[in-house]
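# Summary of the model geometry
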Amino acid sequence: MNVGNQHLVPHGHEHSEDLIKDPETVEWVDRYAERYRELVDPIWEQIISNPSSRRYRHGYRYKRMFRFQAQKQSAETPPATSAG
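Before going into details, it helps to say that this report is about the structure given with it. Residue indices begin from 1 for each chain and proceed along its sequence in written order. With the structure being a predicted model, the display of local features is reserved for residues of pLDDT at least 70 and the display and counting of side-chain atom pairs for 80 or more, all residues being used for whole-chain, interface and lining totals. With hydrogens and water set aside, each side-chain value is computed from the structure's full complement of heavy atoms.

## Section: a positive patch on the surface
Put simply, a patch holds well-exposed residues, over 30% relative accessible area, that have no salt bridge, with like charges counted together within 9 Å and Val, Leu, Ile, Met, Phe, Trp or Tyr side chains within 5 Å. Note that accessible areas follow from Shrake-Rupley with a 1.4 Å probe, and for residues the cover is restricted to the protein chains shown. Salt bridges, as used here, are contacts in which a Lys or Arg side-chain nitrogen is within 4 Å of a carboxyl oxygen on Asp or Glu. Counting rule for charge: Lys and Arg are taken as positive, Asp and Glu as negative, and neither His nor the chain ends is counted. The location of each charge is read from NZ of Lys, CZ of Arg, CG of Asp or CD of Glu. Side chains of Arg54, Arg61, Arg64 and Arg67 sit close together on the surface and give a patch of like positive charge. Secondary structure elements follow DSSP: runs of H or I of four or more residues count as helices, runs of E of two or more count as strands, with numbering from the N terminus. Mapped onto the fold, Arg64 is located in helix α4 (residues 60-64).

## Describing the environment of Ile48
Mapping Ile48 onto the fold places it in helix α3 (residues 23-49). For the pair Ile48 and Tyr62, spaced 14 residues apart in sequence, the C-alpha to C-alpha distance is 7.9 Å. Contact definition: two residues touch when any of their heavy atoms are within 4.5 Å. With residues near it in sequence (within four places) discarded, Ile48 still touches Arg55, Tyr56, Arg57 and Tyr62.

## Focus: the pattern of salt bridges
Opposite charge on two side chains makes pairing possible when the charged atoms of those side chains draw close. Taken as a whole and judged by the stated rule, the model has 5 salt bridges. Between Arg37 and Glu34 there is a salt bridge, and its shortest N-O distance comes to 2.5 Å. With Arg37 and Glu34 both in helix α3 and 3 residues apart, the pair spans about one turn of that helix. Only protein chains enter the accessibility calculation, which uses a 1.4 Å probe; a residue is then buried when its area is under 20% of its type maximum, exposed when over 50%, and partly exposed in between. Take Arg37: its relative accessible area is 40%, and that puts it in the partly exposed class. By relative accessible area, which is 35% here, Glu34 ends up partly exposed. Linking Glu45 and Arg57 is a salt bridge whose minimum nitrogen-to-oxygen distance equals 2.6 Å. Of the two residues, Glu45 is situated in helix α3 and Arg57 in the loop between α3 and α4; the sequence distance between them amounts to 12 residues. Within this structure, Glu34, Arg37 and Asp41 form a network of salt bridges that share partners.

## A look at α3
With 27 residues, α3 extends 37 Å from end C-alpha to end C-alpha; this agrees with the ideal 39 Å at 1.5 Å per step. Consider a residue and the seven residues that end there alongside the seven that start there; fitting an axis to each set, the bend is the angle between those axes. The largest bend in α3 comes to about 35°, at Val40, with the proline Pro42 one to four residues further on. Multiply 1.5 Å by the residue count of a helix minus one, and that product is the helix's expected span.

Nothing here speaks to function; it is geometry throughout.
Printed below as a string of structure tokens:
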């Protein structure tokens, strides 16, 4: 199931589904995203590797960016049961 169908994204433009259903468009978006990553990741790595940056990877603000992801993962993980 694709993300659009999974989350019931409403139609906004007559060709909006092309982003997830048209192979040529999907391929273009994937290439664009990869190129964007190539350009931005080195800059992002510099930022999060600098201890004086507010986005330092071991700092509170950086860890806080992923709090919803951590909450979702903990909600999806069943509680541990003890053998007994």
